[in-house]
Amino acid sequence: MERLDPGPRGGLGRLTEGRGTVEEGFRAIASIAEVPEGELRAFDLPQGRVAIVRVEQEIFAFGDECTHEGCSLAEGALGGQEESVICPCHGSEFDLRTGEPLEGPAEDPVPVYRVREREGWIEIGAIGEEG
Ligand code: FES
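Residues numbered from 1 in each chain as written. Predicted model: local features only at pLDDT ≥ 70, side-chain atom pairs only at ≥ 80, totals over all residues.

**Student:** How would you summarise the overall build of the chain if you had to cite specific residues and measurements?
**Tutor:** Along the chain, the regular secondary structure elements total zero helices and 12 strands. Ordered by position from N to C terminus, the α and β elements of the chain give β-β-β-β-β-β-β-β-β-β-β-β. When each of the 131 residues of the chain is scored for burial, the buried share is 28%. A separation threshold of at least 6 residues defines the contact pool for the chain, and within that pool the share at least 24 residues apart is 35%. (Helix = DSSP H or I, 4+ residues; strand = E, 2+ residues; numbered from the N terminus. Buried ≥ 20, exposed ≤ 12 C-beta atoms within 10 Å, placed from the backbone. Contact = placed C-beta atoms within 7 Å.)

**Student:** Give me the nonpolar core: which residues, what numbers.
**Tutor:** Core analysis: the biggest nonpolar cluster contains 27 residues, and Ala51, Ile52, Ala61, Phe62, Leu73, Tyr113 and Ile124 have the highest contact counts within it. Among the elements of the structure, strand 2 (26-31), strand 4 (48-55), strand 5 (58-63), strand 10 (112-113) and strand 12 (121-124) are those that each provide at least two residues to this core. Ranked by residues supplied to this core, first place goes to strand 4 with four residues. Setting aside anything within four residues of it in sequence, one finds Ile52 in contact with Ala30, Val35, Arg41, Phe43, Ile59, Ala61 and Ile122. (Core = buried A, V, L, I, M, F, W, Y, C linked by C-beta atoms within 7 Å.)

**Student:** Tell me about the sheet that holds strand 3 (residues 41-45), and name the residues and values.
**Tutor:** The antiparallel open sheet is built from four strands, whose spatial order is 3-4-5-10. Since the sheet does not close on itself, it has two edges, and those belong to strand 3 and strand 10, each with one partner. Of the strand pairs in this sheet, strand 5 and strand 10 are connected by two bridges, and their pairing is antiparallel. Residue Ala61 lies in a different strand from strand 10, and its bridge partner there is Tyr113. (Pairing = 2+ DSSP bridges.)

**Student:** Now, about unusual backbone geometry: what can you tell me, with residues and values included?
**Tutor:** Cis rather than trans, the peptide bond between Gly104 and Pro105 has omega equal to 15°. The residue Pro105 is located in the loop between strand 9 (101-103) and strand 10 in this model. Backbone geometry at Glu56 places phi at a positive 45°, although glycine is not the residue there. On the secondary structure map, Glu56 appears in the loop between strand 4 and strand 5.

**Student:** Explain the pairing of strand 3 residue by residue, including any values.
**Tutor:** When strand 3 meets strand 4, the two strands line up antiparallel, connected through five bridges. Along strand 4, the bridge assignment pairs Leu45 with Gly48. From the end of strand 3 to the start of strand 4, which pair antiparallel, there are two residues.

**Student:** So what's going on with the environment of Asp108? Residues and values would help.
**Tutor:** Along the polypeptide, Asp108 turns up in the loop between strand 9 and strand 10. Separated by 14 residues in sequence, Asp108 and Phe94 have C-alpha atoms that sit 9.5 Å apart.

**Student:** Provide a residue-level description of the sheet that holds strand 9, including the pertinent values.
**Tutor:** Strand order in the open sheet made by the four strands is 6-7-8-9, with antiparallel pairing throughout. In this open sheet, the two edge strands, each paired with only one partner strand, are strand 6 (77-78) and strand 9. Bridging between strand 7 (residues 84-86) and strand 8 (residues 93-95) involves three bridges; their strand directions are antiparallel. Residue Val85 lies in a different strand from strand 8, and its bridge partner there is Phe94.

**Student:** Lay out the environment of Arg54 with the relevant residues and their values.
**Tutor:** Among the secondary structure elements, Arg54 is positioned in strand 4. Judged by the 19 C-beta atoms lying within 10 Å of it, Arg54 falls in the partly exposed class. Between the alpha carbons of Arg54 and Glu39 there is a distance of 7.1 Å; along the sequence they are 15 residues apart. Arg54 has contacts with Val35, Glu37 and Ile59, leaving out every residue within four places of it along the chain.

Following this line, the structure appears as structure tokens:
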């Protein structure tokens, strides 16, 4: 016997929105309103702390921990070209797209994440799945 169950929300083919929603490897981590344009924010995720910034309609997501001595990049500042972030501790600068250090003393890149905006939520993909 077949039983049609619309589920508790009665939605048809609609994903539940909210933190922790996983779809195609993406996870919603914040509403777009939580990350004002040009301001750095950090969020604790299972894979570690991730920094998010929106610059001119684009969203970037990268590991918050500086590879030099571990300071929070979200407490730093955007670089002059606004596609880099500068560590508040010793001034290492990282490319927002690649995570590569543009200026030392850091020598190693920070991880970068695929990121997108969907229905008012910022979602990031799994680590190492850039692009
Ligand atoms: Fe970031 Fe030293 S901890 S530059």
